[in-house]
Each structure stands twice: as structure tokens, then as C-alpha cells.
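Here is what each chain is made of, one letter per residue.
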Amino acid sequence: MDCKYFGKCASCTLYDKTYEEQLEYKKQREKNRFSDFEIPNIEIIKSEEKHFRTRAEFRIWKNFDDENNPTISYAMNDFNKNSLEIDSCQIVSESIFNLMPKLLERIKNNEELKFKLFAVEFLNSTIDDMLVTLIYHKKLEESWLQEAKELEKELNIKIIGRSRKQKEVLSEDFINETLIIQDKPFYFQYKEGGFTQPNTNVNVKMIEWVLRNIEKSEKDLCELYCGGGNFTIPLSQKFNKVLATEISKTSIKSALTNCSLNNISNIDFIRMSAEEFVEALESKREFRRLKDIDLKMYNFDTIFVDPPRAGLDDTTRALSKQFETIIYISCNPETLHRDLKELTKTHKIINYALFDQFSYTEHIESGVILNKI
Ligand SMILES: C[S@@+](CC[C@H](N)C(=O)[O-])C[C@H]1O[C@@H](n2cnc3c(N)ncnc32)[C@H](O)[C@@H]1O
């Protein structure tokens, strides 16, 4: 990649490789890691080589310009964890890339916006909605609000100001997204603070990979770690009913909105940790959150899990083994490998794919579909 910070900035740790080389390195590494399982074929889903991240976070670095006046720039860590001033980033979406210098220039020249600013987060959609969160070490007063509102109008973006125990939403705290999945549009709202997949293009390919590799079922789907319904909503077409759970309140709110944006009525979303859900399903504990849901009404044949890096806990792993089909999306091949050791005692791996969602880093997303032996 023709990035001038390549080899200095620690966000792209595989800086000494071309796109194809870094992908080949990760593919071989995973092939070796999973060589103790019978895997029919590894599908490789590539990313764009540049401008693929639709969310990004930068720190703000304070320094002095040529005339010794205090100024600011964006910063990331270098390989020694020192701050590295940067003026652009090649892996963020083109819209974030183009906005970064304009935003900084405007903030630099405005004391109210600049003072005690220490980080900036960008969240962008492919239909060009942009949310910028400015994070401060100061209380945000009316004078800040006025200046930030001007900035919002001028740059045609949505701004949120954050400080300790303070969140100022100037217009909206979400962006709108339309994903074209298997030639059909799906509508989403991504809320600030809720989980979103960072590489939108690869995300669409992940959803399409799952849809392509499962049959339409007369039965029901159980989903854990559902976020804002990213997989749930497109997958609901393949099942009679869906029960989807997630720990984050913000994500469950988004999921409910996303359901109505797509006129979908066969999904129940519940805010519940995976561990709690196992207890509910096994009738070990009663939950008020489930008072309107009769778990016995479901006739599940498939479980879909997309856990955080820690993977599945013991009870969720044991629960998963009870389903005919397991669809497992993982952002950490180490914990996926650990979990598959247990899951393959009862299930056989039918499909396996690597999604290069985090290009130029050591990370890789995997997808595995297993059927009961
Ligand atoms: C990797 S994200 C996947 C989200 C969603 N599938 C998507 O594609 O956007 C993992 C999700 O698990 C949720 N989570 C983390 N720990 C959890 C737990 N113990 N129980 C249930 N959900 C949890 C997080 O809030 C996050 O939304």
C-alpha cells in the first residue's frame, strides 16, 4: 500500500507485505492451525486493498507549528507505543479520508472546539452518512454546542460531543446504511456506541456467504451475540422464526429499529447475555425480560453465534452442540480453534471461510458451518 506511514504506524502491523502477501501469510497460518480438523475447502474472501474501514478512531496530538504557535494533528501509536502524528490514513473509507483534513483545519482554528480535544471517532456508511464523535477532557458548555452546530452544518456531518459523564448529540446519534445483499437492499441504522463490522464490503460478503451455504428451513433460528441484527435480518428470510439475543442495550435498540425498517416480523430480539440465555433455555432461572416470550414455542434447528474475541463460554458451547446446524462467525481463530475441538465431537465441518476484514493486521475473521454427525 502506498501509505507514507507504512512501517511506522502500528495499526497496520503487516506493513512489510503487499496485500496478496499478507493474505497468503494469514491463509497459511490458519491452514496450519486448523490442520487437525477435516476441512473440505477453505474459501478466501478478500477485502479492497485501500479505503475499506468505515469506522476509525484517532487520538489528537498537541504540538507547535513552524511559527511556534500551539496546534493539533491526528495521531496513532507507532511500534514503540509512542504517538505518531499522521495527516491521512489509507485504510479508512474515501469519505473519512477526505473529511479528516477539512475537519482538522476547522478545529485547529477554533479555540472552543480545539481546547482539551483528545480523540476523534468516525462512523461512515456506504450511502455517505457520517457521524463524528469529538471526545474531550472538559465539560461541554453552551459555547461549545454553538460552535459544534456550525461545524456540523458546514461539513454536512452529524456530531456527538463526549466528555466524562456527558454526551451531547447535536442532531442524531446514528447513521443510516443500505446494504445490497444478494441483489436486495437491506436498511440499517448504526447507533454510536453499538457494535458495527468495520469493513462494510467484507461484511456484505460474509452475510452472502452464510446465505449461500444454508438451505431454507421450515424451523427456527436461535442467534446469540446478534448486535444490531446485521446477520439476523437477512437470515430471517431463511427461517420460520428467529430468536436473537445480545448483551448491549444500544445494539438491541438498533436491532428493533432495523427490523421495522425492513418490515420484518418473524424476529424476537432479547437483551440478554449468552450465559443468561442458556440458563433461561434450560429453565434454570426465570427472567422478567422473557415474560412475553414462550421459549417452548420455538422449534429450533440452527444456532448462529458471532461472539467477541473470547469465543464461547463452556455453557454456550454445550448448548450449541444440541442444534442440528451451527453457524459460527469468529474474529479470533485461537478461540474458534478451541471451540471447534469440542463442537466437532458431535458435528462435522461443512463449510469454512476466511474473511480478510482486518487487512494488513494479524487479525482475520472466520466462518464455519457445522452439521450434526
Ligand atoms: C463480534 S460482535 C457481533 C455482532 C453482530 N453479529 C454483527 O455482525 O454486527 C459481538 C457482539 O456480542 C455482544 N456480546 C459481548 N459479550 C456478550 C455476552 N456475554 N452475551 C451476549 N452478547 C455479548 C457484543 O455487544 C457485540 O454486539
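Residues numbered from 1 in each chain as written. Predicted model: local features only at pLDDT ≥ 70, side-chain atom pairs only at ≥ 80, totals over all residues. Heavy atoms only, no water.

## Remarks on the overall build of the chain
Here is step 1 of the chain: Looking only at helices and strands, one finds 10 helices and 17 strands in the chain.
Here is step 2 of the chain: Rg of the C-alpha trace for the chain: 22 Å, near the compact-globule value of 21 Å for 373 residues, within the 12% margin.
Here is step 3 of the chain: Within the span of the chain, comprising 373 residues, buried residues form 54% of the whole.
Here is step 4 of the chain: Taking the intrachain contacts of the chain between residues at least 6 apart in sequence as the baseline, contacts between residues at least 24 apart amount to 63%.
Here is step 5 of the chain: Accessible area of the chain: about 17,900 Å², with a carbon and sulfur share of 47%.
Here is step 6 of the chain: Of note, the chain has its 54 positive side-chain charges centred 4 Å away from the centre of its 62 negative side-chain charges. (Helix = DSSP H or I, 4+ residues; strand = E, 2+ residues; numbered from the N terminus. Rg over C-alpha atoms; globule rule 2.2 N^0.38 Å. Buried < 20%, exposed > 50% of the residue type's maximum accessible area, 1.4 Å probe, protein only. Contact = heavy atoms within 4.5 Å. Areas by Shrake-Rupley, 256 points an atom, 1.4 Å probe, with all protein chains shown as cover. Lys, Arg positive; Asp, Glu negative; His and termini not counted. Charge placed at Lys NZ, Arg CZ, Asp CG, Glu CD.)

## Re empty space enclosed by the protein
Empty space among the atoms can be located by rolling a probe the size of a water molecule over them.
Here is step 1 of the chain: According to the stated counting rule, one finds two cavities of 30 Å³ or more in the structure shown.
Here is step 2 of the chain: Computed from the structure, the largest cavity encloses a volume of approximately 100 Å³.
Here is step 3 of the chain: Grouping the amino acids of the lining of the largest cavity by side-chain chemistry returns 10 nonpolar, three polar and no charged.
Here is step 4 of the chain: Estimates place the volume of the second largest cavity at around 30 Å³.
Here is step 5 of the chain: Residue lining of the second largest cavity: Thr54, Leu123, Asn124, Glu177, Tyr190, Thr196, Gln197 and Thr200, and that is the complete set.
Here is step 6 of the chain: Considering only residue class, the lining of the second largest cavity consists of two nonpolar, five polar and one charged. (1 Å grid on protein atoms, 1.4 Å probe; cavity = no way out; pocket = protein on both sides within 12 Å on 5 of 7 lines; lining within 4 Å. Points joined across faces, edges and corners; volume = space filled by probe spheres on them. Nonpolar A, V, L, I, M, F, W, Y, C, P; charged D, E, K, R; others polar.)

## Points about the UniProt feature "active site" (unreviewed entry) in the chain
Here is step 1 of the chain: Under the local residue numbering, the UniProt record ascribes the feature "active site" (unreviewed entry) to Cys331.
Here is step 2 of the chain: Along the polypeptide, Cys331 turns up in the loop between β15 (325-330) and α10 (333-343).
Here is step 3 of the chain: For Cys331, a relative accessible area of 16% puts it in the buried group.
Here is step 4 of the chain: Discounting residues that sit within four places of it in the chain, Cys331 has contacts with Pro307, Pro308, Arg309, Ile364 and Glu365. (UniProt positions renumbered as here; feature names shortened; annotations may be inferred.)

## Let's talk about the sheet that holds strand β6 (residues 130-136)
Here is step 1 of the chain: In space, the seven strands of this open sheet follow the order β4-β3-β2-β5-β6-β7-β8, with mixed pairing throughout. Of all strands in the sheet, those bounded by a partner on one side alone are β4 (83-86) and β8 (166-169). Going from strand to strand, the sheet's axes swing by 30 degrees on average, the running direction of each strand aside.
Here is step 2 of the chain: By the bridge criterion, five bridges tie strand β2 (residues 55-64) to strand β5 (residues 117-124) in an arrangement that is antiparallel. From the neighbouring strand, Arg55 faces β5, where its bridge partner is Leu123.
Here is step 3 of the chain: Sheet strands in contact with helix α4 (residues 142-155) are β6, β7 (158-163) and β8, and its direction is about 150 degrees off that of β7. (Pairing = 2+ DSSP bridges. Axes fitted to C-alpha atoms, helices over the stretch in contact; angles between N-to-C directions.)

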